[in-house]
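# Examining the three-dimensional arrangement
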Amino acid sequence: MFDDVHPGDPIPKLAAFWNNLKAAVAARRLLPGVGVRLREMPFGTIINFDADAAVWDHPWRIALNGKEATLRRGLVDGIEPKIGERLMSGDKKNPDPAKLTIASSRFTKDGQSLICVEIECDEHWNTKSAKLVQVARLSDINPDNPGDGTTPLLPPALSGRKTRYPLVQLRQKESGDITAFQIAYFSLRHIALFPSGTTDEKRVRHFFFPG
C-alpha cells in the first residue's frame, strides 16, 4: 500500500511514492499465452503472436475463376449494382451471384484493367442506378475501345450524368493469368459538386467515400 500524497507534502515523500509506483508497475509483468512471444525493450514490451489469417468478407470482395469474376455484394447510396441485367448478388430466379466476364480487350497495353462501379445520376445528381463494368481506364468512353493516356486521379465526369469508381485492379501476365488487387473494402456514398458559379455538367466533380 502507498501512503497518500497531498499538496504541500515534502519532496522526499513524493519521491518515495514515485519509486514505489514504478516498482509496482514493473512487478505486473505480462505473461505470454500460447503462440505469444514477448520482447522487453527499454521503451516497453513488443508482443508478437502466431495466428491464422482471418477471412474478411467485405463488400466488393472479388473471387476470380479463370476469365470470370464475382464480387461480394456492395452498395452505392443504398443501391445494389447490376452485372448485365442481374443484381450482383443474384435474384429470386437465380440466387447465385452474377458473374462478370473478364474481357482481354479491356486491358491496357501493359496488362492493367479495372473493375469499377459505374453510376448514373438523376437530374438532381443523386445516384439513380449502378452497374459493374470492366474498363482499361476510368475515363474510357467505350470500354471495348480503350483510350491512351493515364487514369485520372478523380472519378471522371462521363456523359449522361455518369461516373465510375474503381473497386479492383486487374493485372494480366504474358501467360494470360490474371491477378486481382482489391481497392475498395466498404459500401460507398457518392456526392457531386460543382465549382462555384457554374452548373456545367462537364465541370462536375464526383466524390466517393465509405458509406
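Let us look at the structure shown here. Here the residue numbers are simple positions, counted from 1 along each chain's written sequence. Where local features are concerned, this predicted model is filtered to residues with pLDDT of at least 70; where side-chain atom pairs are given and counted, the filter is 80 or more; whole-chain, interface and lining totals use all residues. Values reported for side chains reflect all heavy atoms of the structure, with hydrogen atoms and water molecules removed beforehand.

### Let's talk about the overall build of the protein chain
Helix and strand counts for the protein chain stand at 1 helix and 13 strands. Helix numbers and strand numbers start at the N terminus; a helix is a DSSP run of H or I with at least 4 residues, a strand a run of E with at least 2. Secondary structure elements in the protein chain, listed N-terminal to C-terminal, are α-β-β-β-β-β-β-β-β-β-β-β-β-β. Taking 2.2 N^0.38 as the reference for a compact globule, 211 residues should give roughly 17 Å; the C-alpha atoms of the protein chain span a radius of gyration of 27 Å, well beyond that estimate. Here the term buried applies to any residue with accessible area under 20% of the maximum for its type, exposed to any over 50%, and partly exposed to those in between, with areas from a 1.4 Å probe on protein chains only. When the 211 residues of the protein chain are sorted by exposure, 29% land in the buried category. Note on contacts: a residue pair is in contact if any heavy atoms of the two residues lie within 4.5 Å. The long-range share in the protein chain, meaning contacts at least 24 apart out of those at least 6 apart in sequence, stands at 49%. With an accessible surface of roughly 14300 Å², the protein chain has 53% of that area assigned to carbon and sulfur atoms. Two things to know: the radius of gyration comes from C-alpha atoms, and the globule rule equals 2.2 Å times the number of residues to the power 0.38. Surface accessibility in these figures is a Shrake-Rupley result with a 1.4 Å probe; residues are shielded only by whichever protein chains are displayed.

### Re the nonpolar core
One broad rule of soluble globular proteins: the nonpolar side chains tend to lie buried together. As used in this record, nonpolar core signifies buried Ala, Val, Leu, Ile, Met, Phe, Trp, Tyr and Cys residues forming a set joined through side-chain atoms within 4.5 Å. By size, the foremost hydrophobic cluster in this structure holds 27 residues, and its most contacted members are Trp-60, Leu-71, Ile-115, Val-117, Leu-132, Leu-167 and Leu-170. Counting residues per element, this core draws most heavily on strand β8 (residues 112-121), which supplies 4 residues. Sequence-distant contacts of Leu-170, defined by excluding residues within four places in its chain, comprise Ile-62, Ile-102, Phe-107, Gly-111, Gln-112, Ser-113, Ile-115, Ile-178, Thr-179 and Ala-180. In terms of nonpolar packing, the next biggest core, distinct from the first, is built from 5 residues, Leu-114, Cys-116, Val-133 and Val-135 among them.

### Observations concerning the sheet that holds strand β7 (residues 100-101)
Think of it this way: DSSP has to see at least two bridges between two strands before they count as a pair. In space, the 3 strands of this open sheet follow the order β3-β4-β7, with antiparallel pairing throughout. Edge positions in the sheet fall to β3 (62-65) and β7, since each of these pairs with one other strand and no more. Looking at chain direction, strand β4 (residues 68-71) and β7 are connected through 2 bridges and run antiparallel. The residue of β7 that forms the bridge with Ala-69 is Leu-100.

### Considerations on the side chain of His-58
Relative to the elements of secondary structure, His-58 occurs in the loop between β2 (44-49) and β3. Once residues lying within four places of it in the same chain are set aside, the contact partners of His-58 are Arg-72, Gln-182, Ala-184 and Tyr-185.

### A word on the side chain of Thr-127
Looking at where Thr-127 falls in the secondary structure, it is placed in strand β9 (residues 127-135). A distance of 2.6 Å separates polar atoms of two side chains, one belonging to Thr-127 and the other to Asp-77. In contact with Thr-127, other than residues within four places in its own chain, are Val-76, Asp-77, Ile-79, Ile-119, Glu-120, Cys-121 and His-190. Any pair of nitrogen or oxygen atoms within 3.5 Å is treated as a polar contact; in protein, a donor-acceptor pairing is required on top of that, and neighbouring residues in sequence qualify only through side-chain atoms on both sides.

### Brief notes about the pattern of salt bridges
One speaks of a salt bridge when a side-chain nitrogen belonging to Lys or Arg is within 4 Å of a carboxyl oxygen belonging to Asp or Glu. Inspection of the entire model under this criterion finds 8 salt bridges. Residues Lys-131 and Glu-118 are paired through a salt bridge, measuring 3.7 Å at the closest nitrogen-oxygen approach. Of this pair, Lys-131 sits in strand β9 while Glu-118 sits in strand β8, placing them 13 residues apart in sequence. Assessed through its relative accessible area of 8%, Glu-118 is described here as buried. Where Glu-120 meets Lys-128, a salt bridge forms, and the shortest distance between an N and an O atom there is 3.3 Å.

### Observations concerning the pairing of β3
Judged from the 4 bridges that link them, β3 and β4 form a sheet pairing that is antiparallel. Bridged to Ala-63 within β4 is Thr-70. What sits between β3 and β4 in their antiparallel hairpin is a turn of 2 residues, with Gly-66 showing a positive phi close to 65°.

### Brief notes about a nonpolar patch on the surface
Only residues whose relative accessible area exceeds 30% and that form no salt bridge are eligible for patches; like-charged ones are grouped when within 9 Å, while nonpolar side chains (Val, Leu, Ile, Met, Phe, Trp, Tyr) are grouped when within 5 Å. On the surface, a nonpolar cluster with roughly 410 Å² of combined accessible area is contributed by Leu-154, Ile-191, Leu-193, Phe-207 and Phe-209. Elements represented by at least two residues in the nonpolar patch include exactly β12 (188-193) and β13 (205-210). Since its relative accessible area comes to 39%, Leu-154 is described here as partly exposed.

### Topic: the environment of Ile-191
Assignment of secondary structure puts Ile-191 in strand β12. For Ile-191, a relative accessible area of 36% puts it in the partly exposed group. When the C-alpha positions of Ile-191 and Ile-178 are compared, they lie 32 Å apart, and in sequence the two are 13 residues distant. Contact partners of Ile-191, with chain neighbours within four places excluded, come to Arg-205, His-206, Phe-207 and Phe-209.

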